[in-house]
Amino acid sequence: MASDEGSVRVDSWIWSVRLTKTRSMASSACRAGHVRVNGERVKPAHTVRTGDEVRLRHAGRDRIVVVSRIVRKRVGAPVAVECYIDNSPPPPPREHTVPIGLRDRGTGRPTKRDRRDMERLRGMPGGLG
């Protein structure tokens, strides 16, 4: 089940300790530059060892973990939390999230004016008014 010696691929370890849902999501994050090991951007095949700091940007949140145990296979959630020390900042409170412009069902496509209002709510550039 688990092994405490050696090293393992970073994408495999991220998936094994349940920081991402799938291994392909973990390797995609590595290729996109969202994974750093000890401050350096890494490829999916980069190896991690005990004591390495892994930074992962996933689902709009930064996760900062220190590897405390090497696992090669996916483990259950109670075991997974024992494999790293979580130094991540707390998630933002729910009331501080940006409101999303929701439309009533069946109202059709948004007009140009509606689209600009929604973009202004989201804080996106392009809202002219």
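This report concerns the structure included in the present document. Values in this document were obtained by computation on a predicted structure and should not be read as measured data.

1. Topic: the overall build of the protein chain
On a plain count of helices and strands, the protein chain comes out with four helices and seven strands. Moving toward the C terminus, one meets the helices and strands of the protein chain in the order β-α-α-β-β-β-β-β-α-β-α. The burial tally for the protein chain puts 30% of its 129 residues in the buried class. In the form shown here, the protein chain has an accessible surface area of approximately 8800 Å², with 52% of it arising from carbon and sulfur atoms.

2. A few points about unusual backbone geometry
For residues other than glycine, phi is negative in most cases, and the peptide bonds are mostly trans. With phi around 65 degrees, arginine 18 is a residue other than glycine that occupies positive phi space. For arginine 18, the position within the fold is in the loop between α1 (10-16) and α2 (23-31). According to the relative accessible area criterion, arginine 18 is partly exposed, its value standing at 41%.

3. Quick notes on the nonpolar core
Trp13, Ile14, Val35 and Val54 are the most contacted members of the largest nonpolar core, which has 23 residues in total. When contributions to this core are tallied by element, the ones reaching two or more residues are α1, α2, β2 (35-37), β5 (53-58) and β6 (61-67). Beyond its immediate chain neighbours, meaning those up to four positions away, isoleucine 14 contacts Leu19, Thr20, Ala26, Val35, Val54 and Leu56.

4. Some points on the sheet that holds β2
If you walk across this open sheet you meet the five strands as β3-β2-β5-β6-β7, and the pairing is antiparallel. Here the strands that pair on one side only, and so sit at the sheet edges, are β3 (40-41) and β7 (84-86). For β5 and β6, the ladder comprises six bridges, and the chain directions are antiparallel. Bridge pairing in β6 places valine 54 opposite valine 65.

5. Describing the pattern of salt bridges
Evaluation of the coordinates by the stated rule reveals eight salt bridges. The partner of arginine 9 in a salt bridge is aspartate 11, and the shortest N-O contact between them spans 3.1 Å. Look at aspartate 11 and you get buried, because its relative accessible area is 2%. For the salt bridge of arginine 55 with glutamate 53, the shortest nitrogen-to-oxygen distance reads 3.4 Å. The class of arginine 55 is partly exposed, set by a relative accessible area of 35%. A single salt-bridge network, built from bridges that share partners, covers Arg9, Asp11 and Arg23.

6. Quick word on the pairing of β6
Between β5 and β6, which follow one another and run antiparallel, lie two residues, and alanine 59 among them has a positive phi close to 55 degrees. Of the pairings in the sheet, the one linking β6 to β7 comprises three bridges and is antiparallel in character. Bridge pairing in β7 links valine 67 to tyrosine 84.

7. Quick look at the pairing of β5
Where β2 lies against β5, three bridges are found, and the strand directions are antiparallel. The residue of β5 that forms the bridge with valine 35 is leucine 56.

Quick notes on the rules
Residues numbered from 1 in each chain as written. Predicted model: local features only at pLDDT ≥ 70, side-chain atom pairs only at ≥ 80, totals over all residues. Heavy atoms only, no water. Helix = DSSP H or I, 4+ residues; strand = E, 2+ residues; numbered from the N terminus. Buried < 20%, exposed > 50% of the residue type's maximum accessible area, 1.4 Å probe, protein only. Areas by Shrake-Rupley, 256 points an atom, 1.4 Å probe, with all protein chains shown as cover. Core = buried A, V, L, I, M, F, W, Y, C linked by side-chain atoms within 4.5 Å. Contact = heavy atoms within 4.5 Å. Pairing = 2+ DSSP bridges. Salt bridge = Lys/Arg side-chain N within 4 Å of Asp/Glu carboxyl O.

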